[in-house]
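# Structural features, examined
As a plain string of letters, each chain reads:
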Amino acid sequence: MRPDFSSIPLIRRGITPNIDRSGSNLLRTCDHFDLESCEHLDYSAGLPPFLRGPYPSMYAERPWTIRQYAGFSTAEESNAFYLSAIAAGQCGISVAFDLPTHRGYDSDHSLVHGDVGQAGVAIDSIEDMHILFNHISLADMSVSMTMNGAVLPIMAFFIVAAQESGVMPQQLRGTIQNDILKEFMVRNTYIYPPQPSMRITGDIIQWCTENMPRFNPVSVSGYHMHEAGAPAAMELAYTLANGLEYVRTAIDRGLDIDSFAPRISFFFGIGMNYFIELSKLRAARILWARLIKPFEPKNPKSMALRMHCQTSGYSLTAQDPRNNIARTTLEALSAVCGQTQSLHTNALDEALALPSADTSRIARNTQLILQEETELTRAIDPWGGSYVVEYLTHTLTHHAWSYIQEIESIGGMTKAIASGLPKMRIEEEAAVKQANIDQGKEIIVGINSFQSKSSSEIRLLRVDNREVLANQSKRLSHLKQSRDSSKVEQALEHLRKCASQDNANLLDVALIAAKERATLGEISAALESVFGRYHAQHEPITGVYSATMETDECTVKAQSLSDEFAKLTGRRPRILIAKIGLDGHDRGARVIATAFADLGFDVDIGPLFQTPEDVARQAIENDVHITGISSLAGAHRTLIPELMNIFQRDGRSDIKVVVGGIIPNEDYPLLYHSGVVSIFGPGTVIAEAAQKIINQLLDHVSHP
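None of the values given here were measured: they were computed from a predicted structure. (Residues numbered from 1 in each chain as written. Predicted model: local features only at pLDDT ≥ 70, side-chain atom pairs only at ≥ 80, totals over all residues. Heavy atoms only, no water.)

Our focus in this paragraph is the overall build of the protein chain. Scanning the protein chain from N- to C-terminus turns up 26 helices and 14 strands. Taken over C-alpha atoms, the radius of gyration comes to 25 Å for the protein chain, in line with the 27 Å a tight globule of 704 residues would show. Judged by the C-alpha coordinates and their principal axes, the protein chain covers about 75 × 75 × 50 Å. The burial tally for the protein chain puts 62% of its 704 residues in the buried class. By sequence separation, contacts in the protein chain at least 24 residues apart represent 80% of the contacts at least 6 residues apart. Carbon and sulfur atoms provide 50% of the accessible area of the protein chain, an area that totals close to 26,500 Å². (Helix = DSSP H or I, 4+ residues; strand = E, 2+ residues; numbered from the N terminus. Rg over C-alpha atoms; globule rule 2.2 N^0.38 Å. Buried < 20%, exposed > 50% of the residue type's maximum accessible area, 1.4 Å probe, protein only. Contact = heavy atoms within 4.5 Å. Areas by Shrake-Rupley, 256 points an atom, 1.4 Å probe, with all protein chains shown as cover.)

In structure tokens, the structure reads:
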């Protein structure tokens, strides 16, 4: 079923918005806006299209749910954190899984040793899931799980663990993200190719619709697009276009729109542009109601967009990190005034490491203060009627609609992703934003303006990767010795058989494997043997960064040095930009690749999820001068020294290694000792980094 959305009018009468590509000038263009042109001024909370909120009384009856996205190290440590947070006022659990879990690997797999327990909790089996929710009543607690790639085993473990503790599926409340399309656009924690991945998403939607009426089977995420660089209208449009694709998937399975649409939820990122962000949430509700209406729902709730929001991680700075408290507070206020249904507030130290218990408490108390010490919960849509907010709502609605129609003209988001269009647009916007920051056109306090001369030390949470790995490996060994191996293999063979056919719901089959104590890695490998593992192809975009920076003195100097190096050596400086380990967040790497290409470098981009051996091989085969490693997930302490040892072993210590990303200052000595020549933290001006790198190369040419 594919309604023609081009025929649906958005604006009764009014202007065609004049918006620059990033949306940053919206507030400067509202002087001639006719407020009476907005048909949405007639809308009320609790009624389609739900502009002012999905419920008639909104926070006056029940405030938003306070959630903290958390998970680290082992299931035992994460469980202790959850219990403490619940005692301190947290209303729901949002589980962060480590990268091996996301990518479908058990902790004892040879490829994942540096990432185990680092960016979330390691879950290898149903036994880990039991420990994770120990002493937490799953019949009463709402549980949100951010999982997409390995969503089948995680859902199976969750459901079976609940059943074994006496809680039936129909009692479970919460959300599974299950939003695989955005993984192919920005987040990159996919496992299988798009088509079988969409089958899994559909199987989960169908199973939950039929068996878990209180559980949201998909949370369509714009957050990761926001963090990857998408401006508000683009994040809005692409998120809703993904949601539309999931609706069609469910409809194609014979599900009635009213049987599942009320349980679809959305997840948006909230940045620092206060008015645009809260207007974005209002516009989202208008657009979703209009997209669902052609499916002819009988239940108005099918058109109601319910959302979770999270304050931005990208807006946090490693410099003067206590400033991040103010940033998070402003972003939280924006989400609340935009009428979100639940909220996570980031901790002040998340630009440096996983949040500590103390900083998480400050972030959680920020929400409690907004709920308990202000009058915010008494007002429905407190900014409704504001000239600025209504203008922005109107404009974002119109601009996002043009993006949605572009996606529809391609044939929907799945085909658009295959064409590479959404990813390219987001990367272009990220490059422009970085150029504006580097030039000082966009002010970041403590980064390119009002820098502090004194250092501000924060005590960081440190996960002992080796201890977690040993703990998980020991538990896996015990599990495999105590289970019935023949029953496990029968269950896995049944899963492989059903994956090769189209007449079985794969969650049904995964539940059997979970009950027999098959591991997450075994279930994922069984599916991979049928579906294969997806490998994305990446090429840098060019011209975007330099177009914004063409008159910048620092940029001109970097380009001049690049030319000088080429004259001296007969070729341009060549750099390999690589991610190492399982971290799929590649905004930084992609922006660096784009900018360095514009600054005169020959740029190679390594595939995601490389081992140190993979990176070294590509660097040597391509005969690069520099290898640049982008690290965001804590594995640098293990994997970068391994990379340096491989270069030394292979006689290529001449290849310089630089590192960028989230690197705590206390890790600098370790990396420098291993042979890294430069470390560039968050907030580094790219052209300045390029100058430093070329000067190091020129010095090596002069003094080999």
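Let us look at the nonpolar core. Formed by 151 residues in total, the largest nonpolar core has its most connected members in Val 95, Phe 133, Met 145, Met 155, Tyr 238 and Phe 260. At 13 residues, helix α8 (residues 232-252) tops the list of elements feeding residues into this core. Not counting residues within four places of it along the chain, the set of residues in contact with Tyr 238 comprises Met 185, Met 225, Tyr 403, Ile 407, Met 413, Pro 422, Arg 425 and Ile 426. Within the second largest apolar cluster, 30 residues are counted, among which are Tyr 545, Ile 575, Val 591 and Ile 693. (Core = buried A, V, L, I, M, F, W, Y, C linked by side-chain atoms within 4.5 Å.)

Turning our attention to the packing of helix α21 (residues 553-569) against helix α26 (residues 686-702). At a closest axis distance of 9 Å, the pairing of α21 and α26 adopts a crossing angle of 25°. Classed by the angle they form, the pair α21 and α26 counts as roughly parallel. Remark: the crossing between α21 and α26 carries left-handed chirality. For the pair formed by α21 and α26, the contact residues are Cys 554, Thr 555, Lys 557, Ala 558, Leu 561, Ser 562, Glu 564, Phe 565, Leu 568 and Thr 569 on the first element and Ala 687, Glu 688, Ala 690, Gln 691, Ile 694, Asn 695, Leu 697, Leu 698 and Val 701 on the second. Split into classes, the residues belonging to the contact of α21 with α26 amount to 11 nonpolar, five polar and three charged. (Axes fitted to C-alpha atoms, helices over the stretch in contact; angles between N-to-C directions. Parallel < 35°, antiparallel > 145°, perpendicular 65-115°, else oblique. Left-handed = near helix turned anticlockwise from the far one by under 90°. Nonpolar A, V, L, I, M, F, W, Y, C, P; charged D, E, K, R; others polar.)

A few words on the sheet that holds strand β6 (residues 218-221). Spatially, nine strands are ordered β5-β4-β3-β2-β1-β9-β8-β7-β6 in an open sheet, and the strand pairing comes out parallel. Edge positions in the sheet fall to β5 (215-216) and β6, since each has one partner strand and no second. Where strand β1 (residues 65-70) and strand β2 (residues 92-95) come together, four bridges link them in parallel fashion. Looking at the pairing, Ala 70 lines up with Val 95 of β2. (Pairing = 2+ DSSP bridges.)

With that out of the way, let us pick up the confidence of the model for the protein chain. Summary statistics for the protein chain give a mean pLDDT of 89 and a share of 93% for residues scoring 70 or more. Contacts of residues 6-24 to residues separated by more than four positions or lying in other chains number 39 contacts, the stretch itself having pLDDT below 50. (pLDDT = per-residue confidence, 0-100.)

Reading across the sheet, the five strands line up as β11-β10-β12-β13-β14 and stay open at both edges, with parallel pairing between neighbours. The sheet terminates laterally at β11 (602-605) and β14 (678-680), the two strands that pair on one side only. Shown here is a sheet whose adjacent strand axes are inclined to one another by a mean of 20°, direction ignored. Alignment of strand β10 (residues 574-579) against strand β12 (residues 626-631), held across five bridges, turns out to be parallel. Bridge pairing links Lys 579 to Ser 630 in β12.

Our next topic: the packing of aromatic side chains. Counted by the stated rule, this structure contains 17 aromatic pairs. Centre to centre, the rings of Phe 184 and Tyr 534 are 5.1 Å apart; their planes meet at 90°, and the pair counts as edge-to-face. Residue Phe 184 is located in helix α5 (residues 180-187), and its partner Tyr 534 is located in the loop between α19 (520-531) and α20 (544-549); the two are separated by 350 residues in the primary sequence. Judged by its relative accessible area of 27%, Tyr 534 is partly exposed. (Phe/Tyr/Trp six-rings, centres within 6.5 Å; stacked < 30°, edge-to-face > 60°.)

The next point concerns the state of the cysteines. Under the criterion given, the structure shown has zero disulfides. Looking at Cys 309, it has no disulfide partner, and the nearest cysteine sulfur is the one in Cys 337, 12 Å off. Taking the relative accessible area as the measure of exposure, Cys 309 reaches 0% and is therefore buried. The class of Cys 337 is buried, set by a relative accessible area of 3%. (Disulfide = S-S within 2.5 Å.)

Our focus in this paragraph is the domain arrangement of the protein chain. We note that the domain assignment places domain 1 (63-176 + 468-530), domain 2 (186-213 + 222-402) and domain 3 (544-702) within the protein chain. Using C-alpha coordinates to define each centre, domain 1 is positioned 36 Å away from domain 3. Opposite the 11 residues of domain 1 that make contact, domain 3 presents 11 residues. Between domain 1 and domain 3 lies a buried interface of about 860 Å² when both sides are counted; carbon and sulfur atoms form 65% of it. Three residues stand out in domain 1 for area buried against domain 3, namely Leu 99, Arg 103 and Asp 115, and they jointly supply 46% of the buried area on that side. Our count for the domain 1 to domain 3 interface comes out at two residue pairs in polar contact (both at pLDDT 80 or more). (Domains from an automatic or database assignment. Buried area = accessible area lost by both parts, 1.4 Å probe. Polar contact = N/O pair within 3.5 Å; in protein donor to acceptor, adjacent residues only side chain to side chain.)

Under the counting rule described, the total for this entry stands at five cavities of 30 Å³ or more. Considered as a void within the structure, the largest cavity measures approximately 110 Å³ in volume. Looking at the largest cavity, it is lined by 13 residues, and the ones nearest its centre are Ala 228, Glu 427, Asp 586, Arg 587 and Arg 590. Elements with a minimum of two residues in the lining of the largest cavity: α5, α15 (421-439) and α22 (587-598). The leading source of residues in the lining of the largest cavity is α15, at five residues. Residue classes in the lining of the largest cavity are distributed as seven nonpolar, one polar and five charged. (1 Å grid on protein atoms, 1.4 Å probe; cavity = no way out; pocket = protein on both sides within 12 Å on 5 of 7 lines; lining within 4 Å. Points joined across faces, edges and corners; volume = space filled by probe spheres on them.)

Moving on to the pattern of salt bridges. Scanning the model with the defined rule gives 36 salt bridges in all. Its salt-bridge partner being Arg 652, residue Asp 623 comes within 3.4 Å of it at the nearest N-O pair. In this pair, Asp 623 is assigned in the loop between α23 (612-621) and β12 and Arg 652 in the loop between α24 (636-649) and β13 (656-661), connecting sequence segments 29 residues apart. On the accessibility criterion, Arg 652 (18% relative accessible area) is buried. Within this structure, Arg 52, Arg 282, Asp 381 and Glu 390 form a network of salt bridges that share partners. (Salt bridge = Lys/Arg side-chain N within 4 Å of Asp/Glu carboxyl O.)

We now examine the environment of Ala 363. Summarising the element assignment, Ala 363 is placed in helix α12 (residues 357-372). Ala 363 sits in the buried class, given a relative accessible area of 4%. Placed 194 residues apart in sequence, Ala 363 and Lys 557 show a C-alpha to C-alpha distance of 42 Å. Once residues lying within four places of it in the same chain are set aside, the contact partners of Ala 363 are Gln 68, Thr 345, Asn 346 and Ala 347.

What follows concerns the packing of α8 against helix α13 (residues 387-410). Where α8 contacts α13, the two axes come as close as 8 Å, and the packing angle between them is 50°. The angle between the axes of α8 and α13 places the two elements in the oblique class. Here α8 and α13 pass one another in a crossing that is right-handed. Here α8 contributes Ala 232, Ala 233, Met 234, Leu 236, Ala 237, Tyr 238, Leu 240, Ala 241, Leu 244 and Arg 248 to the contact with α13, which in turn contributes Leu 396, His 399, Ala 400, Tyr 403, Ile 404, Ile 407 and Glu 408. Considering only residue class, the contact of α8 with α13 consists of 14 nonpolar, one polar and two charged.

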